[in-house]
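Coordinate analysis (summary)
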Amino acid sequence: MFYKNAEIVPKQYVTIVNATAAQLRIPNLPAGQDTYYCTLLLDYEHRKNESHGNSGVDIMQSYVSSTLPTVGHDVIGSNTNRSQQLGSQVGVCFNRVYVGYKPAIVKNFTCISKNWVNLRCNWSVSENPIKTTYTLIFRLPSRTGGRIFIKCPTDSDVRENYCYWDFNTTPMYRQPYEFYNFRINGQNVLGNSSSFFNFHHYANIIPASPINITVVDKTESSAMLRWSVGPMTNFPRELIYKIEYKSQWDSNPEDWHSVITSDVMCIMSLPSNQTNSALYSTTCKENDYYYYFNVTDLKYPSAHYDFRIYVRSSLARGEDKWSPPGNITMKTKPSIPRRPPRIDIGSFESITSLIDKSKRNIYIYWQEVDNSEKCGDSFEYRVYYTSTTKQNESTIHYSNEVYDSYAKFQELSTSVGYNFIVYSSNKEGLSAEFSTIYVPSESQGIEKPILLTKMAFDEKGVFELSWKNSGTMKLFTSSELNYYTLFWCDNVNHHPYQCNVRKLI
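The text that follows walks through the structure, step by step, so that each part is easy to find. (Residues numbered from 1 in each chain as written. Predicted model: local features only at pLDDT ≥ 70, side-chain atom pairs only at ≥ 80, totals over all residues. Heavy atoms only, no water.)

**Notes on unusual backbone geometry**
- The omega angle of the peptide bond from Thr170 to Pro171 is 0°, so this bond is cis rather than trans.
- Among the secondary structure elements, Pro171 is positioned in the loop between β12 (162-166) and β13 (179-188).
- Positive phi is not limited to glycine here, since Trp116 has a value of about 65°.
- Take Trp116: it is sitting in the loop between β8 (107-114) and β9 (118-124).
- Located in the positive-phi region is Leu451, a residue other than glycine, with phi close to 55°.
- Structurally, the position occupied by Leu451 is in strand β34 (residues 450-456). (Helix = DSSP H or I, 4+ residues; strand = E, 2+ residues; numbered from the N terminus.)

This is how it looks when you write it as structure tokens:
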């Protein structure tokens, strides 16, 4: 009987050659590794299994066909002529059969140099049940190097399909050569193969992160960055830089502004006894050189900015060839506030005193300036009005109280109209522009709407407001302007309590 591993081979694959020989032939075997063997049946077992074999055959000897299948792969048979007692059967021949291929061309061959100080090449090979070895060699394109094949420093090419060189390996990493000519030889008992690769070394370098990053100068809208690139300083091809930045006020923290440039300035610091503090050049050839770039048009003064600096070879293609980023955080210089608060024509409230009807308190409301526009420390609002004395001198009257979204003036006359001025202010000074609002005398003002009601809906933040005109308020004609200004804010307590974040609609 013939067995494949532990299973009996179906009898249609067995041919009785003569009284002392039988042939096993299985066409179109798939690639794999299997054990085939033949057993002799003892008399008792032979009688039990007469239905399987020919009763005239007492002894069968295994035979491995030398005919090769025609499906594109080959069969290798290793014969071991020995007998082995298998219970009531005797094994007479064991064969380990390998069905596989000649060495295939390698796939996914890639080489990467890290920071121009080492080189690693990787590749993948097709599965093959037949033991196959791959070895890597290369030549350098020069008059002498072109005739010499250089091997992998270790047997990692045979064991793990990669090869690695640096300045400590033998042979060592050949840094100055822009091109390598690689060849990978595959070998097994069925044949050989060779894969050839012309490798552009300088286009496949991933630099290390830029180092020694500092900010050497800054304004409210720019930052002069300085950095170095270590061994890449001596790289014989142009380097490309990508500078990304974002501010603390950018709405989406994942959105970075980007500048890609090769237009950097190279400066070598000189000893302190030299008359010039720096030398400028377009290429750097020594390790004590620094690269400089001035990032301009930064939107926010007095804001923290995160910077990321990347570098890559100008010959490289693809986003995967950028170095990891070098990082630095800085704060731009402050400036005066960008603008005054927004004020509308009706952004006030006048409350007549219950004790003295000739006096009133006036509240001036505005929409608070966004934090990104305050542009410096000690931000505040300056609110005042002016009056003219009998001597024709102007006097500035500041508010009695000022808060984030309103100011309060106490005991002003009900018979006088006032023109109020509002600035934004910080340590650097007042905003270049100001907002104004005129509050008329009580006799000149129009009456407030009445019966103001608020209805809240289930949806969060959805309200319906309604109101009526006072019975004595005269509306303009249809050809004239009639409108209301709505003010709202987030507040726990209702009017007349004030709130500090007020909006205009």
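**Concerning the packing of aromatic side chains**
- For the structure on display, the rule yields 37 aromatic pairs.
- Taken together, Phe109, Trp123, Phe138, Trp165, Tyr180, Phe182, Phe197 and Phe199 form an aromatic cluster joined through their ring pairs.
- Directly above the aromatic system of Tyr98 lies the positively charged group of Arg96, at a separation of 6.0 Å from the ring centroid.
- A cation over an aromatic ring shows up here: Lys242 above the ring of Tyr310, its NZ or CZ 4.7 Å from the ring centre. (Phe/Tyr/Trp six-rings, centres within 6.5 Å; stacked < 30°, edge-to-face > 60°. Lys NZ or Arg CZ within 6 Å of the ring centre and 35° of its normal.)

**Notes on the pairing of strand β28 (residues 394-398)**
- For strand β27 (residues 380-388) and β28, the ladder comprises five bridges, and the chain directions are antiparallel. Directly across from Tyr384, in β28, lies its bridge partner Tyr398.
- Counting the residues that bridge the hairpin from β27 to β28 gives five residues, and of these Asn392 lies at a positive phi of roughly 65°. (Pairing = 2+ DSSP bridges.)

**Details of the state of the cysteines**
- Considering all chains together, one arrives at two disulfides under this definition.
- Across the disulfide, Cys111 is cross-linked to Cys121 (sulfur-sulfur distance 2.0 Å). The sign of the 110° torsion about the S-S bond sets the Cys111-Cys121 disulfide as right-handed. One end of the pair, Cys111, is in strand β8; the other, Cys121, is in strand β9, and ten residues separate them in sequence. Across this residue pair, the class does not change: Cys111 and Cys121 are buried. (Disulfide = S-S within 2.5 Å. Buried < 20%, exposed > 50% of the residue type's maximum accessible area, 1.4 Å probe, protein only.)

**Some points on the sheet that holds strand β30 (residues 406-413)**
- Spatially, four strands are ordered β25-β26-β30-β29 in an open sheet, and the strand pairing comes out antiparallel. Lying at the two open borders of the sheet, with one neighbouring strand each, are β25 (348-352) and β29 (401-402).
- Where β29 meets β30, two bridges bridge the pair, whose relative direction is antiparallel. Looking at the pairing, Val402 lines up with Ala407 of β30.

**Re the side chain of Asp34**
- With respect to the helices, strands and loops of the structure, Asp34 is situated in strand β5 (residues 32-41).
- Buried charge without a partner: Asp34 forms no salt bridge, and the closest opposite charge is Lys4, 4.3 Å away.
- A polar contact of 3.0 Å, which involves the side chain of Asp34, links it to the side chain of Asn5.
- Ignoring any residue separated from it by four or fewer positions in sequence, one finds Asp34 in contact with Lys4, Asn5, Asn95, Arg96 and Val97. (Lys, Arg positive; Asp, Glu negative; His and termini not counted. Salt bridge = Lys/Arg side-chain N within 4 Å of Asp/Glu carboxyl O. Polar contact = N/O pair within 3.5 Å; in protein donor to acceptor, adjacent residues only side chain to side chain. Contact = heavy atoms within 4.5 Å.)

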